[in-house]
Amino acid sequence: MLPLNFLKCPAQWMFVLFFLMIGGCAGLGQIQEKPKISIADIQVQEMKSMETAFLVQLRVMNPNDVPLDIRGVDCDLEIDGRHFAQGIASSPQKIPAYGTALVPVSVYASMMNMISSVVGLIQSTNSASAASQSLSYKLVGNIRLGTGSFTRKIPFESIGELSLQGLNAGQ
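Residues numbered from 1 in each chain as written. Predicted model: local features only at pLDDT ≥ 70, side-chain atom pairs only at ≥ 80, totals over all residues. Heavy atoms only, no water.

Caption draft 1: Representation of the overall build of the protein in the model. When its secondary structure is counted, the protein shows 3 helices and 8 strands. By residue count, 33% of the 171 residues in the protein fall in the buried class. (Helix = DSSP H or I, 4+ residues; strand = E, 2+ residues; numbered from the N terminus. Buried < 20%, exposed > 50% of the residue type's maximum accessible area, 1.4 Å probe, protein only.)

Take a look at the structure:
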């Protein structure tokens, strides 16, 4: 046990605060690799006159030997090189070491962005081959990790293809 007069000197206070700060930040520094993020699914949630809301399921893979405490995600979605939608989500989840999880993010697309994407698709291909075509996407954003007041923002970028096959299957 420390004597009562131990913390009377300012230098001793600084010493104690320094070690408290190091201990509080220790959990944030153990991540060796960025999480890998890709789109697992997209579903229409709601259509309004000026915007459409989509639910995007992001597959987050943790390549580290420590769990990731996800606090939230923000992202911008481009389709075929055109800005399409943006979104943000408070998605508190814990992804185990070397594990994966689906993180839901609601993204919002304006009708103008959707119309320009459809017009671009029509202009780039004829309607006979449109059903078999895939669209390129680029997802850029940040994932926020941490617990309590200690957080860390990690940028991510994911590039892939969205298939148009099966879009009419559920109708």
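Caption draft 2: Representation of the pairing of strand 8 (residues 150-163) within the structure. Here strand 7 (residues 134-147) runs beside strand 8; their pairing, made up of 14 bridges, is antiparallel. Residue Ile143 lies in a different strand from strand 8, and its bridge partner there is Ile154. Between strand 7 and strand 8, which pair antiparallel and follow one another directly, the connecting turn spans 2 residues, one of which, Gly148, has a positive phi of 65 degrees. (Pairing = 2+ DSSP bridges.)

Caption draft 3: Fine view of the packing of aromatic side chains. Enumeration according to the criterion identifies 1 aromatic pair in this entry. Aromatic side chains Phe54 and Phe84 sit 5.7 Å apart centroid to centroid with 45 degrees between the ring planes, which places their arrangement in the tilted category. One end of the pair, Phe54, is in strand 2 (residues 51-61); the other, Phe84, is in strand 4 (residues 82-89), with 30 residues separating them in the sequence. Per residue, the accessibility class of Phe54 equals that of Phe84, and both read buried. (Phe/Tyr/Trp six-rings, centres within 6.5 Å; stacked < 30°, edge-to-face > 60°.)

Caption draft 4: Structural context of the pairing of strand 1 (residues 36-47). One ladder, built from 10 bridges, connects strand 1 with strand 2; its direction is antiparallel. Of the residues in strand 2, the one forming a bridge with Ile37 is Val60. The antiparallel hairpin formed by strand 1 and strand 2 contains 3 residues in its connecting segment.

Caption draft 5: How the structure looks around the pattern of salt bridges. With the rule as written, the count across this model stands at 3 salt bridges. Salt-bridge contacts for Lys36 lead to Glu33; the nearest nitrogen and oxygen are separated by 3.6 Å. With a relative accessible area of 39%, Glu33 lands in the partly exposed category. Ionic pairing is found between Arg144 and Asp74, a salt bridge with its closest N-O pair at 2.5 Å. Note that Arg144 is positioned in strand 7 and Asp74 in strand 3 (residues 68-79), a separation of 70 residues in sequence. A residue is classified by how much of its surface remains accessible, and Asp74, at 17% relative accessible area, is buried. (Salt bridge = Lys/Arg side-chain N within 4 Å of Asp/Glu carboxyl O.)

Caption draft 6: Region of interest: the nonpolar core. Counting 29 residues, the largest nonpolar core has Leu58, Leu139 and Ile143 as the members making the most contacts within it. Contributing elements (two or more residues each) for this core: strand 1, strand 2, strand 3, strand 4, strand 6 (100-110), strand 7 and strand 8. Residue contributions to this core peak at 6 residues, all from strand 3. Setting aside residues up to four positions removed in sequence, Leu58 forms contacts with Ile37, Ser38, Ile39, Val73, Ala101, Leu102, Val103, Val105 and Leu139. (Core = buried A, V, L, I, M, F, W, Y, C linked by side-chain atoms within 4.5 Å. Contact = heavy atoms within 4.5 Å.)

Caption draft 7: Expanded view of unusual backbone geometry. Although it is not a glycine, Asp80 adopts a positive phi angle of roughly 50 degrees. We classify Asp80 as partly exposed; its relative accessible area is 30%. For Tyr98, which is not a glycine, the phi torsion comes out positive at approximately 55 degrees. Of note, Tyr98 is situated in the loop between strand 5 (93-95) and strand 6.

The values reported here are purely geometric and, on their own, carry no functional implication.
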